[in-house]
Every structure is written in structure tokens, then in C-alpha cells.
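Here are the chains, one letter per residue:
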Amino acid sequence: MTASATTNADTSRIRHVVLDMDGTIYKGGTLFPWTKPFLDSLTRHGIGYTFLTNNPSKSSADYLAHLERIGIPSAPEQLYTSAQATIDWLKANHPEFRRLFLLGTPSMIGEFTKAGYESANDDPADVPDAVIAAFDMSLTYARLCRASWWASQGRPYFATNPDRICPTDLPTVLVDCAAICAAIQSATGRAPDKVFGKPDPSMVTGILQRHNLRPEEVAMVGDRIYTDIAMAQNAGVTGVLVLSGEATRQDAEESSVKADIIVENLAGLGEMLTGSR
């Protein structure tokens, strides 16, 4: 195991691990060989875990089905998406909002309606309480125009995640939420009032509240410094960088955003967590 830790990385206090997915627990559709032993070890030692994703295009049920297909059966409370973070924040900060103009996939719209929200129609007479823009792979020009109209009229306007593109190994560019919001801003001069998803700390705050945890009891684990580790820093939790995905050790050394712990992969983190028990 290759690891380094700062003086604030007391792994003996960690009760819950928040896990980025692609690059951390799997690569593409292939599960890393150390992932299941790591998760089993957490369970044996009474450490909880939650899978986290910035991608709101799939519902929780879709993600849970994907995890089961690759060999990690999980419970709904072990998954947290940027759509869920948006919903939790809206409920806590704007309980009066009921009707939303949702620029997102049918799966994401279903997630919001399941949470009790109504989906506004593409109709100037159907005035929404707020506009939510997301990674919308079903995007139509008419709905983009309607979202822009409501943004131009001063309706509260939020974005589920800050990603410009969604990573893919296909010969295409998957235009993500931030690029869609850039189109709205170019047309209206207005940016979202708030952007959820990593590195926004609300992604971790929702998990802290869901599991009744304190920041010092949580480790955020991921392979990207500017999202995963930046969010850990913003939320005041332990940031763990794994080198099994995007970032290299040189990237970590050169970045102004510093991880509390750096390991080659989850196996190294497992040794640190269980060794401190």
C-alpha cells in the first residue's frame, strides 16, 4: 500500500465512508477486484458507506439496479445523487415550492415527483415555483427555450450539478448540466442561483443528516481532486484521494486542494480504517 496522511487524518474516528463511483469502485462497467473485499471489511467493522454520483440522469432505482448488476447489491439509503441533494435542499430551504419546471430526463423527473413535486408543463400559463436544470439527455429545443423564459422572468433557478460534460468512451461529447446552463445564461444573462453536486458541500450535508453523523466521522473518497477532494474540504470531512482513476500522485502534489489521505486504491484505505480499530 502506498499512502500518506496529514496530521488531521485520524481514521479511528471514521464511522461512514462516502464513495465516488467511476474511478473509485469501478472503471467503466468493470468492478475493481478490491472493491467487494473493501466493502465487506467496512461492514464487518461497523463502518457504513454511501455511493455518491453527480449524474442525476438516472433514478435511484436505476443506479441500484446497475450496482446489483456489477455485483454490489445495495439499499436505497446507500445511494445519494445530485438530484437527491437538490430535493433535500429544496425541502429544507424552500418547503413552499411544489411545482417545478424540470429540465431533465424522465428518470430524474420521476425522482422529483416521487418526492412530492409536480412537474410543470411547457406552457407560459403554467408558472413554476422554480426551474431545475440538469444533465438532460432527452433535451428538446422547446423545453430549453421554456426554461430560459422562466429564468428571464426571475423565477428561482437551480442546477443539479456543475459538470460541463459527462465522461464517456464513445466517440461523442455528452453535453452535461453546466453546458446546458451556459446556453441559458448566454440567452438570458442569468446563471443558476445555486449549483448542487460535487464540489458543493450539500452533497455531504445530506448524507450527514440522513445518517446522523458529524463531519469528523466521515471520509469522502474519490479519484478527482477538483470535485471529490474539493467537496470534502468544503464540507469539513476527511478527503481521501484514490489513484485508481483520474488523478495521479503528481496531480495531488501540484494541486492547491490537498487530500488528507492518498492511497493507490480502496484496498489501501481498508487497511488504514480496519488497522485503526
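As shown above, the structure is provided for reference.
Anyway, here's the lowdown on the structure attached to this text. (Residues numbered from 1 in each chain as written. Predicted model: local features only at pLDDT ≥ 70, side-chain atom pairs only at ≥ 80, totals over all residues. Heavy atoms only, no water.)

### What to know about the overall build of the protein
At step 1: Looking only at helices and strands, one finds ten helices and 16 strands in the protein.
At step 2: Taking 19 Å as the expected radius of gyration for a compact globule of 277 residues, we find that the protein reaches 19 Å, a close match to that expectation.
At step 3: If you line up the protein on its principal axes, its C-alpha atoms span 60 × 35 × 35 Å.
At step 4: The burial tally for the protein puts 51% of its 277 residues in the buried class.
At step 5: Here the analysis covers contacts within the protein between residues at least 6 apart in sequence; of these, 69% occur between residues at least 24 apart.
At step 6: When the accessible surface of the protein is summed, it comes to about 12,100 Å², and 51% of that surface belongs to carbon and sulfur atoms.
At step 7: One finds the centroid of the 24 positive side-chain charges in the protein at a distance of 3 Å from the centroid of its 32 negative side-chain charges. (Helix = DSSP H or I, 4+ residues; strand = E, 2+ residues; numbered from the N terminus. Rg over C-alpha atoms; globule rule 2.2 N^0.38 Å. Buried < 20%, exposed > 50% of the residue type's maximum accessible area, 1.4 Å probe, protein only. Contact = heavy atoms within 4.5 Å. Areas by Shrake-Rupley, 256 points an atom, 1.4 Å probe, with all protein chains shown as cover. Lys, Arg positive; Asp, Glu negative; His and termini not counted. Charge placed at Lys NZ, Arg CZ, Asp CG, Glu CD.)

### Re the pattern of salt bridges
At step 1: Summed over all chains, the structure comprises 13 salt bridges.
At step 2: Between R99 and D126 there is a salt bridge whose closest N-O contact spans 2.7 Å. Of this pair, R99 sits in strand β7 (residues 99-103) while D126 sits in the loop between β8 (118-119) and β9 (130-133); the two residues are 27 residues apart in sequence, bridging distant segments of the chain.
At step 3: A salt bridge links D122 to R146; the nearest nitrogen and oxygen atoms lie 2.7 Å apart. Note that D122 is positioned in the loop between β8 and β9 and R146 in helix α5 (residues 141-152), a separation of 24 residues in sequence.
At step 4: Its relative accessible area of 35% is what places D122 among the partly exposed residues.
At step 5: The network of salt bridges with shared partners includes R13, R15, R214, E216 and E217. (Salt bridge = Lys/Arg side-chain N within 4 Å of Asp/Glu carboxyl O.)

### Overview of the sheet that holds strand β13 (residues 194-195)
At step 1: If you walk across this open sheet you meet the five strands as β8-β7-β9-β10-β13, and the pairing is parallel. Two strands close off the open sheet at either side, each with one partner strand: β8 and β13.
At step 2: Across two bridges, the pairing between β7 and β8 is parallel. Paired with R99 across the strands is E118, a residue of β8.
At step 3: Against the sheet, helix α4 (residues 106-114) contacts β7, β8 and β9, and its axis sits at roughly 160 degrees relative to β7.
At step 4: Against the sheet, α5 touches β7, β9 and β10 (157-159), its axis set at about 130 degrees to β7. (Pairing = 2+ DSSP bridges. Axes fitted to C-alpha atoms, helices over the stretch in contact; angles between N-to-C directions.)

Read these as layout, nothing more, since geometry by itself doesn't imply function.
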